[in-house]
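Survey of secondary and tertiary structure
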Amino acid sequence: MEIGQIIRNARKAKKLSLEQLANQVDSDTGNLSRLERGQQGTTPEKLKRIMEVLGITLAQVGQGMDSPQDSGMSNVQLALQPSRGSREYPLISWVIAGEWAESCDNFNPGDAETWLASVENAGTNGFWLEVRGDSMTSSGNPNFPEGSRILVMPEAELISGKYYVIKLESGESTFKQYMEDAGNKYLRPLNHNYRTIQIDGPFKVIGRVIDTKMTGL
């Protein structure tokens, strides 16, 4: 079986969209789509990350790959691993989330009344927040309507195009898409009724959003 088909089957088995997988492996939907269709290769490092997220490994058979960009990569066979178990993270308030940027010691997760499970690894200090307002509501995908929950991974690297909870110089904590363009930094809402914010002063990254849950369904 070709590597692209293996990835597609594993992704669908985990009920992940291309967008969701791309967010977790720091890629984009176009590259992943071409990889799944056998039209594009990837680096060994990126392939390893994709396999980790999907919970599978690829064991080489026969001769090794001549090039990390080999688009076929047909000399591999699928070795299934046990699915990752879910882990619970506390649902905390936005006030506490703002303090979290200063020191994780300001909050004891054991004090949380609500815990929500996720198969995503948000680290030792991961936590959930409830989305406020409709600035991240979209008619497309992704969509984060008011009341939905987002899983935040603290101390995450800033990557343009990904989604973050950020504490601004004003002290406000906000959830937006982080964008960089021509040396400038922006926070972009998904709702077109809200304006994109250019970050002019200092800011703190509270964490990157790696999972979401809808409520009221």
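These remarks concern the structure in this document. No experiment lies behind these values; they were computed from the predicted model shown.

Quick notes on the overall build of the protein chain
Tallying secondary structure elements over the protein chain gives 5 helices and 11 strands in all. When the 217 residues of the protein chain are sorted by exposure, 39% land in the buried category. Contacts in the protein chain between residues at least 24 apart in sequence constitute 61% of all its contacts with a sequence separation of at least 6. When the accessible area of the protein chain is evaluated, it comes to approximately 11,800 Å², of which 45% is carbon and sulfur surface.

Some details on the sheet that holds strand β5 (residues 127-130)
Within a beta sheet, neighbouring strands are joined by backbone hydrogen bonds and run either parallel or antiparallel to one another. Taken together, the 7 strands give an open sheet; going across it, the order is β5-β6-β11-β7-β8-β9-β10, and neighbouring strands pair in antiparallel fashion. Pairing within the sheet leaves two strands with one partner each, and these edge strands are β5 and β10 (197-198). For β5 and strand β6 (residues 149-153), the ladder comprises 4 bridges, and the chain directions are antiparallel. Its bridge partner being in β6, Trp 128 is matched across the sheet by Leu 151.

Description of the nonpolar core
Ranked by size, the top nonpolar core spans 16 residues in total, and within it Ile 7, Ile 50 and Leu 54 carry the most contacts. Every element with two or more residues in this core is listed here: α1 (3-13), α2 (18-25), α3 (29-36) and α4 (44-54). A total of 5 residues in this core trace back to one element, the largest contributor, which is α4.

So, the environment of Trp 94
Note that Trp 94 resides in helix α5 (residues 94-100). With relative accessibility at 13%, the residue Trp 94 sits in the buried group. Here the alpha-carbon distance between Trp 94 and Leu 129, two residues 35 residues apart in the chain, equals 6.9 Å. Contact partners of Trp 94, with chain neighbours within four places excluded, come to Leu 129, Glu 130, Arg 132, Val 165, Ser 173, Thr 174 and Phe 175.

Focus on the packing of α1 against α4
In the contact formed by α1 and α4, the axes pass within 10 Å of each other and the chain directions differ by 30 degrees. With respect to each other, α1 and α4 are oriented roughly parallel. Regarding α1 and α4, the two cross each other, and that crossing is left-handed. Counting all contacts with α1, which are made through Ile 3, Ile 7, Ala 10 and Arg 11, the residues of α4 involved are Leu 47, Ile 50, Met 51 and Leu 54. For the contact of α1 with α4, a count of residues per class yields 7 nonpolar, no polar and 1 charged.

Quick notes on unusual backbone geometry
At the junction of Asn 141 and Pro 142, the peptide bond is cis and its omega measures out at 10 degrees in the coordinates. In this structure, Pro 142 sits in the loop between β5 and β6. One non-glycine residue, Lys 15, lies in the positive phi region at around 60 degrees. In this fold, Lys 15 is placed in the loop between α1 and α2. Of note, the phi angle at Asp 26 is positive, near 60 degrees, even though the residue is not glycine. When you line up the elements, Asp 26 lands in the loop between α2 and α3.

Conventions and cut-offs
- Numbers given to residues run from 1 along each chain, matching the order in which its sequence is written.
- With the structure being a predicted model, the display of local features is reserved for residues of pLDDT at least 70 and the display and counting of side-chain atom pairs for 80 or more, all residues being used for whole-chain, interface and lining totals.
- The basis for every side-chain value is the complete set of non-hydrogen atoms in the structure, without hydrogens or water.
- By definition, any uninterrupted DSSP run of H or I lasting at least four residues is a helix, any uninterrupted run of E lasting at least two residues is a strand, and each is numbered from the N terminus.
- Any residue under 20% of the maximum accessible area for its type is buried, any over 50% is exposed, and the rest in between are partly exposed; the area is computed with a 1.4 Å probe on protein chains only.
- Between two residues, a contact is recorded if the distance between any of their heavy atoms is within 4.5 Å.
- Where accessible areas are quoted, they stem from the Shrake-Rupley method and a 1.4 Å probe; at the residue level, only the protein chains shown are allowed to cover.
- Two strands form a pair only when DSSP identifies at least two bridges running between them.
- Nonpolar core, defined: a set of buried Ala, Val, Leu, Ile, Met, Phe, Trp, Tyr and Cys residues in which side-chain atoms within 4.5 Å join the residues together.
- Only the contacting stretch of a helix is used when fitting its axis, a line to C-alpha atoms as for every element, and angles between N-to-C directions run 0 to 180 degrees.
- For classification purposes, angles smaller than 35 degrees are called roughly parallel, those larger than 145 roughly antiparallel, those between 65 and 115 roughly perpendicular, and all remaining angles oblique.
- Put simply, a crossing is left-handed when the front helix is turned counterclockwise from the back one by less than a right angle, and right-handed when it is turned clockwise.
- Residues are grouped as follows: nonpolar covers Ala, Val, Leu, Ile, Met, Phe, Trp, Tyr, Cys and Pro; charged covers Asp, Glu, Lys and Arg; every other residue, Gly included, is treated as polar.

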